[in-house]
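As a plain string of letters, each chain reads:
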Amino acid sequence: MNTRLAVVSLWAEDVPAAAHFYRDVIGLRLLPHHHDGRPHFDLNGVYLAILRGRPRPAENPSPARFPVIAFAVEDLEAAVERLKAHHVELPWGVEEDSDSRWAMFHDPAGNLIEIAQFKLEKKLPALSGYTFRPARLEDMPALHALLVAAANADGRDRVDSLADLQTQFDDPWSDPETDSLLGFTSGGRLASFARTFAHPAPEREVRAHLWLEVHPDHRAPELIDVTFDWLEARGLERLLNSPAHLPRSLRVGVQDDVAWYIALLEQRGFQPVRYFYRMRRDLRQPIPAAPLPPGFSFERYSPELDDAMLAAFNESFRDHWGFETVIRE
């Protein structure tokens, strides 16, 4: 039986006040009210329902103070400031243990609620014959050599240049210190690479994009599994610390004839949702003239056009499947 959590219910004597709190203070997305007047909020496929009634605390609870529901946030300080701006009392302030930091408070109905930020500790894999650490800028030549070897083995039709890897190393979507992982042999040769990317200010959906590369000489199941275990866990960690009201997903792109990678993804429960086709034109044939429509002209690039180009790019691709707004950084 394939089961999953579907609905979480909270009781409140004043349902409208509770609904206002969870929508305007906590920031959850309110769904259309049911006919019986029970507001529902969407938490990425799990529904929070507010029911009319008096909350009843547990008798002789252990521990004595534990929330009935907790929300993960990416920035605890910002969330606390938002609560304070709405005059929410935080009796115990911000608390902390080895795994997370949190603040507990009561909603208007008296339910004990928590917001928590989970610590992003580096948990490196352990595998005999290999050592692991985050990527550094000076690793890009070795990474480029790995990408070339992998592309040759898999029959891929493109590889990022070394200059592109170096330019794109510092990326606002991905902190190399926490979001990348390199695996080295005992002789110091780069054997595997993993990195996750996520939009820092998502608008419609939170997506953690996973990038895995393994050198053809080291594609033993053990190395592939420990590297992808880390990559998937880090991607999920980024989703967990993302805005709770947005849908979330892990995304992977792969050429459709890379059998070993497709098999790995299928074993992990990933499913294809979109196919893209790359089209080519024989440049040995003449290109017919295509005059511009009236009112348009060509202009050479200059830095003063940066903002206009960025706006035009985002507007052009806004209705493209999976598009995420590109920011200036």
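Note that the coordinates shown come from a computational prediction; the quantities given were computed from them, not determined experimentally.

A. Seen up close, helix 3 (residues 140-154). In this model, helix 3 (15 residues) spans 21 Å end to end at C-alpha, consistent with the 21 Å of a helix rising 1.5 Å per residue. Listed as buried for helix 3 are Met140, Leu143, Leu146, Leu147, Ala150, Ala151 and Asp154. Buried residues along helix 3 cover an arc of 130° about the axis, so they all sit on one side. Tucked inside the fold, the buried residues of helix 3 contact helix 4 (162-167), strand 11 (190-198), strand 12 (206-214) and helix 7 (259-267). Residue Gly155 follows helix 3 closely and has a positive phi angle near 70°.

B. Just the pattern of salt bridges, in detail. Here the structure, examined in full by the defined rule, presents 23 salt bridges. In this structure, Arg156 and Asp154 form a salt bridge, with 2.9 Å as the shortest nitrogen-oxygen distance. With its nearest N and O atoms 3.5 Å apart, the salt bridge here joins Asp217 to Arg189. Placement of the pair is Asp217 in the loop between strand 12 and helix 6 (221-240) and Arg189 in the loop between strand 10 (180-185) and strand 11, with a sequence separation of 28 residues. Given the relative accessible area of 54%, Asp217 is considered exposed. Classification of Arg189 by relative accessible area gives partly exposed; the value is 39%. Members of the salt-bridge network, linked through shared partners, are Asp154, Arg156, Glu213 and Arg219.

C. Looking closely at the environment of Met104. Looking at where Met104 falls in the secondary structure, it is placed in strand 7 (residues 100-106). Contacts of Met104, omitting those with residues within four sequence positions, involve Arg65, Pro67, Leu90, Pro91, Trp92, Gly93, Leu112, Ile113 and Glu114.

About the thresholds
- Residues numbered from 1 in each chain as written.
- Predicted model: local features only at pLDDT ≥ 70, side-chain atom pairs only at ≥ 80, totals over all residues.
- Heavy atoms only, no water.
- Helix = DSSP H or I, 4+ residues; strand = E, 2+ residues; numbered from the N terminus.
- Expected span 1.5 Å × (residues − 1).
- Buried < 20%, exposed > 50% of the residue type's maximum accessible area, 1.4 Å probe, protein only.
- Arc of directions from axis to C-beta.
- Contact = heavy atoms within 4.5 Å.
- Salt bridge = Lys/Arg side-chain N within 4 Å of Asp/Glu carboxyl O.

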